Every structure is written in structure tokens, then in C-alpha cells.
Amino acid sequence: MRKRNESVTVEHERTAAAPGPLDKGCSLRHSLRLPAAAAAAAEGMKRPLGRRYGLWFRLRKLIIWLLGMYIAIPFLVKLCPAIQAKLVFLNFVRVPYFIDLKRPQDQGLNHTCNYYLQPEEDVTIGVWHTVPAALWKNARGKDQLWFEEALGSSHPVILYLHGNAGTRGGDHRVELYKVLSSLGYHVVTFDYRGWGDSIGSPSERGMTYDALHVFDWIKARSGDNPVYIWGHSLGTGVATNLVRRLCERETPPDALILESPFTNIREEARSHPFSIYRYFPGFDWFFLDPITTSGIKFANDENVKYISCSLLILHAEDDPVVPFHLGKKLYNIAVTSRSFRDYKVQFVPFHTDLGYRHKYIYRSPELPRILREFLGRSEHDHHH
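Note that this is a predicted model, so its numbers are computed, not measured. (Residues numbered from 1 in each chain as written. Predicted model: local features only at pLDDT ≥ 70, side-chain atom pairs only at ≥ 80, totals over all residues. Heavy atoms only, no water.)

A. The arrangement of the packing of helix α7 (residues 204–222) against helix α8 (residues 234–248) in detail. The geometry of α7 relative to α8 is characterised by a closest axis approach of 9 Å and an angle of 60° between their N-to-C directions. Comparing the axis directions of α7 and α8 gives the class oblique. As α7 runs across α8, the sense of the crossing is right-handed. Between α7 and α8, the residues in contact are E204, M207, T208, Y209, A211, L212 and F215 and L234, V238, N241, L242, R245 and L246, respectively. (Axes fitted to C-alpha atoms, helices over the stretch in contact; angles between N-to-C directions. Helix = DSSP H or I, 4+ residues; strand = E, 2+ residues; numbered from the N terminus. Parallel < 35°, antiparallel > 145°, perpendicular 65-115°, else oblique. Left-handed = near helix turned anticlockwise from the far one by under 90°. Contact = heavy atoms within 4.5 Å.)

B. Broad picture of the environment of G194. As for its position among the elements, G194 is in the loop between β4 (186–190) and α7. G194 gets classed as buried once you look at its relative accessible area, which sits at 18%. With residues up to four places along the chain from it excluded, the contact list for G194 reads N91, I199, G200 and P202. (Buried < 20%, exposed > 50% of the residue type's maximum accessible area, 1.4 Å probe, protein only.)

C. Spatial organisation of empty space enclosed by the protein. In total, this model carries one cavity of 30 Å³ or more according to the counting rule given. One number sums up the size of the largest cavity: a volume of about 60 Å³. Taken together, Y160, H172, L176, W230, H232, E259, K359, I361 and Y362 form the lining of the largest cavity. Contributing elements (two or more residues each) for the lining of the largest cavity: α6 (171–182) and β5 (227–232). Of the residues in the lining of the largest cavity, the class split is five nonpolar, two polar and two charged. (1 Å grid on protein atoms, 1.4 Å probe; cavity = no way out; pocket = protein on both sides within 12 Å on 5 of 7 lines; lining within 4 Å. Points joined across faces, edges and corners; volume = space filled by probe spheres on them. Nonpolar A, V, L, I, M, F, W, Y, C, P; charged D, E, K, R; others polar.)

D. Inspection of the environment of R341 at higher detail. For R341, the location among the structural elements is in the loop between α12 (324–335) and β8 (345–350). Through-space distance from the C-alpha of R341 to that of S310 is 9.9 Å; in sequence the pair is 31 residues apart. A polar atom in the side chain of R341 sits 3.0 Å from the backbone oxygen of R338. (Polar contact = N/O pair within 3.5 Å; in protein donor to acceptor, adjacent residues only side chain to side chain.)

E. Quick peek at unusual backbone geometry. That bond from V95 to P96 is cis: its omega, -5°, falls within 30 degrees of zero. Position of P96 relative to the elements: it lies in the loop between α3 (81–89) and β1 (112–120). Its identity is not glycine, yet F98 carries a phi of approximately 60°, on the positive side. Positionally, F98 belongs in the loop between α3 and β1. A relative accessible area of 87% places F98 in the exposed class. Positive phi, close to 70°, is recorded for D122, a residue that is not glycine. For D122, the position within the fold is in the loop between β1 and β2 (123–130). D122 gets classed as exposed once you look at its relative accessible area, which sits at 62%.

F. Highlighting the nonpolar core. The biggest cluster of nonpolar side chains holds 61 residues, and the ones touching the most others in it are F89, L159, L161, F190, I229, L256 and F298. Residues in contact with F190, not counting those within four places in the same chain, are I125, G126, V127, L159, Y160, L161, H162, R168, D210, A211 and V214. Ranked by size, the runner-up nonpolar core spans 29 residues in total, among them V187, Y228, I370 and F374. (Core = buried A, V, L, I, M, F, W, Y, C linked by side-chain atoms within 4.5 Å.)

G. Up close: the sheet that holds β4. Spatially, eight strands are ordered β1-β2-β4-β3-β5-β6-β7-β8 in an open sheet, and the strand pairing comes out mixed. The sheet is open, and its two edges are formed by β1 and β8, each paired on a single side. Mean inter-strand twist for the sheet, computed between neighbouring axes without regard to direction, equals 20°. Each of β1, β2, β3 (157–161), β4 and β5 touches α7; the most contacted strand, β1, lies at about 120° to it. α8 contacts β3, β5 and β6 (255–259) of the sheet and is inclined by roughly 145° relative to β5. (Pairing = 2+ DSSP bridges.)

H. Seen up close, the state of the cysteines. On inspection of all chains with the given rule, the structure shows zero disulfides. For the unlinked cysteine C309, the closest cysteine sulfur is that of C247, found at 5.2 Å. Its relative accessible area of 2% is what places C309 among the buried residues. (Disulfide = S-S within 2.5 Å.)

I. Representation of the pairing of β1 in the model. Sheet topology places β1 next to β2; seven bridges connect them, and they run antiparallel. Bridge assignment links L117 to a residue of β2, and that residue is I125. With antiparallel pairing between neighbouring strands as the criterion, β1 and β2 make up a hairpin whose turn holds two residues, including D122 at a positive phi of roughly 70°.

J. Broad picture of α8. Counted at 1.5 Å a residue, the expected span for α8 with its 15 residues is 21 Å, and the 22 Å between its end C-alpha atoms agrees. Burial runs high along α8: twelve of the 15 residues are buried. Turning to α8, its buried residues are L234, G235, T236, G237, V238, A239, T240, N241, L242, V243, L246 and C247. Looking one or two places after α8, you find E250, whose phi comes out positive at around 65°. (Expected span 1.5 Å × (residues − 1).)

K. Here's a closer look at the confidence of the model for the protein chain. With 78% of its residues at a pLDDT of 70 or more, the protein chain shows a mean pLDDT of 85. Taken together, the stretch residues 380–384 has pLDDT below 50 and engages in five contacts with residues farther than four places along the chain or on a different chain. (pLDDT = per-residue confidence, 0-100.)

See below:
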């Protein structure tokens with residue numbers, strides 16, 4: 001009896017000590033605990049989930065912010081057209097940086113002189129004059145007066161009008177000066193007001209007037225030597241503005257060369273590969289109208305109808321900045337214009353495989369022949 005009672009007592013104590021799975025509220029008893037390993041695993045799962053949630057939250061905030069900026073920029077440009085003007089000119093981008101424009105020899109131009117001219121009151125422009133390579137030895141150590149007098153030597157002169165951004169010391173521009181100098185040309189180039197170390201505020205009218213002033217300065221010193229105008233990219237807009245004015249006053253240049261030209265600034269802005277807003281609703285109203293409001297047109301397609309001198313257009317098929325089809329379109333307008341009926345109009349494309357893109361046509365081994373054949377004809381017309 002005693003053994004049976006003891007076993008019952010022991011069984012009762014075991015039963016009382018064993019925790020039941022649920023209390024009256026169908027919840028786990030407080031005495032029920034997860035094993036230590038399981039708790040650590042659960043905690044470890046929470047941390048990656050928390051990190052992923054935090055990362056997604058930050059990414060979502062960034063996407064919302066970028067979307068807000070994308071939508072806000074068109075309204076900002078519309079309200080402040082000066083922003084769009086700065087994006088057209090990019091005169092605040094000075095590349096290459098940290099070069100002394102007073103020292104063209106630092107860029108390998110040992111036969112180049114730096115001048116400063118004053119087209120208008122409160123406007124000063126920096127000018128580089130590179131003499132033909134044949135005069136290189138004579139040019140060493142000479143002053144500005146010698147270089148000015150050298151323009152009267154029996155060598156043709158090219159007035160080079162560069163595009164937006166950078167300065168007259170840009171790498172591809174310097175390389176072109178060297179090529180043209182080696183072919184026997186004087187090269188005169190300058191930074192428009194507001195570019196490089198030139199003083200003044202940029203505008204289409206001001207850029208054109210600066211070009212006119214430099215052209216007249218050259219003509220006053222070059223005698224009967226041929227003077228050609230060469231414009232690149234945005235500089236083609238300045239070039240056609242200049243040559244149209246020269247033709248209207250009956251003092252045309254001997255030839256006009258347009259490298260990577262467009263038709264007009266609105267079509268160029270619409271076709272520009274960096275124009276991420278081209279499919280934005282109201283693109284013209286938001287972006288193109290402010291350009292016109294700022295007085296920026298660079299209407300090459302209109303100007304060529306009033307130009308009467310030989311015209312050469314150079315354009316690379318793989319140009320990523322000014323689409324090739326715009327240069328071709330400009331040529332088609334010019335070649336059918338009455339103003340060119342007595343002059344040579346030539347279009348020279350450069351195949352995509354050559355990789356000349358927007359600013360490397362100077363590398364073409366064919367360029368000397370192209371210029372010799374085209375400008376040789378122009379020189380013949382000039383002397384007869």
C-alpha cells in the first residue's frame with residue numbers, strides 16, 4: 001500500500017511540475033521559452049530584413065527626389081530663360097583647366113602670339129595668331145607687331161570660330177591649328193566675350209560682333225591675301241551670321257568652311273542626344289521657346305540663303321553632338337539656294353568607321369587634299 005501511494009504521489013508531482021501548453025486564454029504560458037539557438041536564429045533573420053527595409057526606404061526616397069527634380073527643371077527653365085542660354089553657350093566650362101592662355105607655347109604652339117582686342121567698350125577678347133609653319137623659325141622671340149605684319153605675307157589666313165564650352169586652348173582646337181599651320185595658313189582664333197579670359201557677357205549678337213571685329217582687324221593687315229572663315233559646331237552659327245553680314249555689305253570672305261554644322265539652334269536642341277526631355281510633354285514650350293526668348297537663333301538654314309561665296313561642309317557620320325542628318329540638310333538647303341549659283345558648294349562626309357565623331361576631323365589624312373582642292377579653287381576665283 002505504501003509503495004502504491006508513493007508512486008501516485010510521485011506521478012502527481014510530475015504532473016504538477018510539467019507545464020501545460022496553453023493557459024485559459026489559449027496563449028502560450030510565460031514559462032514556455034524558445035531554446036537559445038532558435039532565438040538567436042530568429043534575431044539573425046530580423047536584422048537582414050531590417051537592413052533590406054531600410055535600403056528600400058532610402059532608394060524609394062531617392063527615386064521620388066529624382067522624379068521631383070525631373071518634373072521641376074522644365075518649370076525652372078521656363079521661368080528663368082537665362083538657364084537655357086547658359087546651357088547653349090557653356091562658356092563657364094573652361095577645359096582644359098589650369099592653362100595660361102597668355103602662353104600658347106605651353107600648348108605646343110611655339111609660333112603663336114597672344115593678343116587682346118577691344119570690339120566694344122567694356123569688352124576685351126583674347127586672340128591667338130599662329131603663323132604658317134614655314135615662318136616658325138622667323139617667329140621665335142618676335143613681338144606682336146612682327147606677327148601683325150606677318151599677316152601681309154603671301155599666305156592665306158583662316159579665321160577659326162570655335163564651338164561652345166572650353167577656350168581657344170582646347171586640345172582638339174590646338175591640334176587643328178597645327179594642321180592648318182603645317183598646310184601654310186595663318187590661323188587667327190579668339191575666345192568670344194565671356195569665354196576664356198575674354199571680358200563681357202555672352203550673347204549671339206555679341207559673339208557675331210566679336211567675329212566681325214576680328215575679321216576687319218585681319219583684313220586691315222592681310223592685304224590681298226585670301227581670308228577664309230572656319231566655324232565648328234556652335235561656331236558655325238557665328239560663322240554664317242558673320243558671312244551673311246559680310247555679304248550684305250559686299251565684303252565677303254574668300255570661302256566659308258563649316259565643320260559639324262546644324263540647321264538652327266532649335267533643331268539642334270531637339271536632336272541633341274543629351275536632351276533627356278525631348279519626349280517630355282510641351283518640350284518646345286518649356287525648353288525651345290526660352291532659347292528664342294533669350295535671342296538665340298543661330299539660323300544657319302536662313303543665313304545660307306544670303307551668302308555668296310564658296311561653301312565647304314565637313315561632317316562625321318558618327319557625330320554624337322550634332323547629328324549628321326542636320327549637316328546634310330543644311331547642305332541641301334544651300335546647294336539649291338540662288339545665292340550659291342555662281343559658287344562651289346561641297347559636302348564631305350566622314351564614315352562612321354573612322355571614329356572622328358564631333359571634333360576629330362582634323363585627324364583625317366584626307367583633310368589636306370580636301371582643303372587644297374577646295375580652297376585652291378577659291379583662291380583661283382579670288383585672283384580672277
